[in-house]
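Close look at the chain arrangement
Given next are the chains, with one letter for each unit.
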Amino acid sequence: MACNASKTSLLRAIAKRGYATCPRPVGDLSAVNVKVLENKLVVATADATLPVSRVSLVLGAGSRNEAYDTQGASHLLRLAGGLSTQNSTAFAIARNIQQVGGTLTTWGDREVVGYTVTTTADNAETGLRYLQDLLQPAFKPWELVDNAKTVVNQLNAVSTEQRAIELVHKAAFRNGLGNSIYLPRFQLGKLSSESLLHYVAQTFAAGRAAVVGVGIDNNTLAGFAQTLQFPSGGGKAASANWYGGDARKDTSGHRAVVAVAGQGGAASNHKEALAFAILEQTLGAKAATKRGTSAGLYGEAVNCAGGVGATVKAVNASYSDAGLFGFVVSADSNDIGKTVEFLVRGLKSASVSEKDVARGKALLKARIVSRYSSDGGLIKEIGRQAALTRNVLEADALLSAIDGISQSQVQEAAKKVGSSKLAVGAIGNLANVPYASDLA
């Protein structure tokens with residue numbers, strides 16, 4: 001079947017416009033142009049540092065939308081980036097994109113699933129053609145069977161730390177945001193083509209999607225976006241509820257990984273979300289050096305516990321209507337109990353000074369500038385913002401908003417997480433790992 005994208009006159013000007021536009025210098029922050037179409041689809045673009053076009057189709061089809069019997073559907077949607085669609089075979093997609101030196105990648109989280117095509121500026125039309133096809137996946141049964149081993153390999157590659165974070169989400173939210181971004185092993189081979197197509201019909205909606213590009217003209221991308229045909233369905237995800245509690249998985253070995261979290265800030269409350277992002281950097285986002293210990297309060301707590309070889313970092317997840325904030329720590333099974341207790345004590349009694357907030361703001365700014373100055377980081381950042389908030393903040397506006405957060409707002413964020421019911425996700429040798437009720 002012919003693709004409408006290749007017939008769009010606007011796309012035939014991409015090569016000329018691509019070479020006519022001067023890339024921005026590496027490290028400079030690009031302005032972001034945002035347009036909302038009549039069907040509520042958001043289109044956002046930014047300049048690139050190289051004559052390379054990146055375009056992402058971001059859909060509100062993350063794992064929070066899964067029901068119990070469709071758990072893992074979003075994982076298979078990410079896999080579908082390499083499978084046949086209703087208009088093109090998997091071979092045709094791979095061959096034609098690779099022939100122009102392009103790549104097609106997929107990514108996602110609990111809220112969204114994204115497909116990103118990268119080509120040189122003069123070959124963007126080819127990438128857009130097959131990106132459009134991904135709105136109509138086929139989920140051919142034999143392809144699902146053939147790729148079952150790929151799914152198993154992806155599950156085996158999930159780190160223990162990430163598995164602990166998945167478990168703490170399960171304990172905190174139970175369903176919705178508690179659903180894992182990975183296919184549960186009991187669902188291997190259980191999701192049929194019909195179930196997946198029904199999931200697509202429910203979640204692929206223009207009002208919950210965005211088309212974003214880096215290194216492509218805004219009007220050109222808007223013209224492409226207007227040719228996209230979304231399924232008629234698309235309801236709103238159920239609101240998240242915080243429960244807290246425990247989700248544990250015993251395994252062999254002599255180490256344990258434990259994630260502990262309280263309520264964080266929702267992306268819809270921009271100031272609170274920024275306050276939690278500053279708090280994350282203040283308490284200790286991650287070690288500054290390889291195999292080093294985390295700076296800030298978390299690092300001090302681990303040192304006070306006396307555990308040898310323990311590693312810790314802050315966990316801060318901000319979703320459209322809820323948030324999760326805490327830490328994930330890995331330590332020897334004999335030391336993990338004491339280490340967790342010291343960390344929770346610090347989390348509950350966190351007191352941030354002006355100096356701490358200033359350091360947190362500086363670290364957060366550096367992180368944001370790094371993300372916005374990289375084409376690959378920029379497209380994910382604006383894609384997620386556009387899909388979830390229907391708007392995109394430019395880097396300068398975001399940096400100014402960070403400066404506007406006061407010490408008292410960061411302290412309020414610390415009080416919120418410290419006073420909430422804790423959720424604990426743990427995996428490994430759990431003989432000495434405390435339960436959430438023991439940490440209250």
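Residues numbered from 1 in each chain as written. Predicted model: local features only at pLDDT ≥ 70, side-chain atom pairs only at ≥ 80, totals over all residues. Heavy atoms only, no water.

1. Description of the sheet that holds strand 2 (residues 42–46)
Read across the open sheet, the six strands follow the order 1-2-6-3-5-4; overall the sheet is mixed. Of all the strands in the sheet, just strand 1 (32–36) and strand 4 (103–108) have a single pairing partner and so form its edges. Within the sheet, the average angular offset between the axes of one strand and its neighbour, ignoring direction, is 15°. In the sheet, strand 1 pairs with strand 2 via five bridges, with the strands oriented antiparallel. The partner of Lys 35 across the bridge, within strand 2, is Val 43. (Pairing = 2+ DSSP bridges. Helix = DSSP H or I, 4+ residues; strand = E, 2+ residues; numbered from the N terminus. Axes fitted to C-alpha atoms, helices over the stretch in contact; angles between N-to-C directions.)

2. Details of the packing of aromatic side chains
Under the defined criterion, the tally for this structure stands at four aromatic pairs. Note on Tyr 298 and Phe 327: the rings are 5.6 Å apart at their centroids and 65° apart in plane angle, and the pair reads as edge-to-face. A residue pair is termed long-range when its members are at least 10 positions apart, and Tyr 298 in helix 11 (residues 296–305) and Phe 327 in strand 10 (residues 323–332) qualify at 29 residues. The pair formed by Tyr 298 and Phe 327 is uniform in burial state, with each residue classed as buried. The positively charged end of Arg 248 is found above the aromatic ring belonging to Tyr 435, 3.8 Å away from the centroid. Positioned above the aromatic ring of Phe 342 is the side chain of Arg 345, whose terminal nitrogen or guanidinium carbon lies 4.8 Å from the ring centre. (Phe/Tyr/Trp six-rings, centres within 6.5 Å; stacked < 30°, edge-to-face > 60°. Buried < 20%, exposed > 50% of the residue type's maximum accessible area, 1.4 Å probe, protein only. Lys NZ or Arg CZ within 6 Å of the ring centre and 35° of its normal.)

3. So, helix 15 (residues 395–403)
Residues of helix 15 that are buried: Ala 395, Leu 398, Leu 399 and Ile 402. The arc that holds every buried residue of helix 15, seen down its axis, measures 100°, which confines them to one face. Next to the buried residues of helix 15 lie helix 10 (270–283) and helix 13 (354–373). (Arc of directions from axis to C-beta. Contact = heavy atoms within 4.5 Å.)

4. Side note on the pairing of strand 8 (residues 255–263)
For a regular strand, side-chain orientation follows a simple rule: the groups alternate between the two sheet faces. Burial within strand 8 is extensive, with seven of its nine residues counted as buried. Pairing between strand 8 and strand 10: nine bridges, direction antiparallel. Of the residues in strand 10, the one forming a bridge with Arg 255 is Asp 332. Taken together, the six bridges between strand 8 and strand 11 (residues 423–428) define a ladder with antiparallel strand orientation. Paired with Ala 259 across the two strands is Gly 425, which belongs to strand 11.

5. Description of the packing of helix 10 against helix 13
Geometrically, a packed helix pair is captured by the angle between its two axes and the distance between the axes. Where helix 10 contacts helix 13, the two axes come as close as 8 Å, and the packing angle between them is 100°. In terms of orientation, helix 10 and helix 13 fall into the roughly perpendicular class. Each of Leu 274, Ala 277, Ile 278, Glu 280, Gln 281 and Thr 282 in helix 10 lies in contact with helix 13, whose residues at this interface are Asp 356, Val 357, Arg 359, Gly 360, Lys 361, Leu 363, Leu 364 and Arg 367. Looking at the contact of helix 10 with helix 13, its residues break down into six nonpolar, three polar and five charged. (Parallel < 35°, antiparallel > 145°, perpendicular 65-115°, else oblique. Nonpolar A, V, L, I, M, F, W, Y, C, P; charged D, E, K, R; others polar.)

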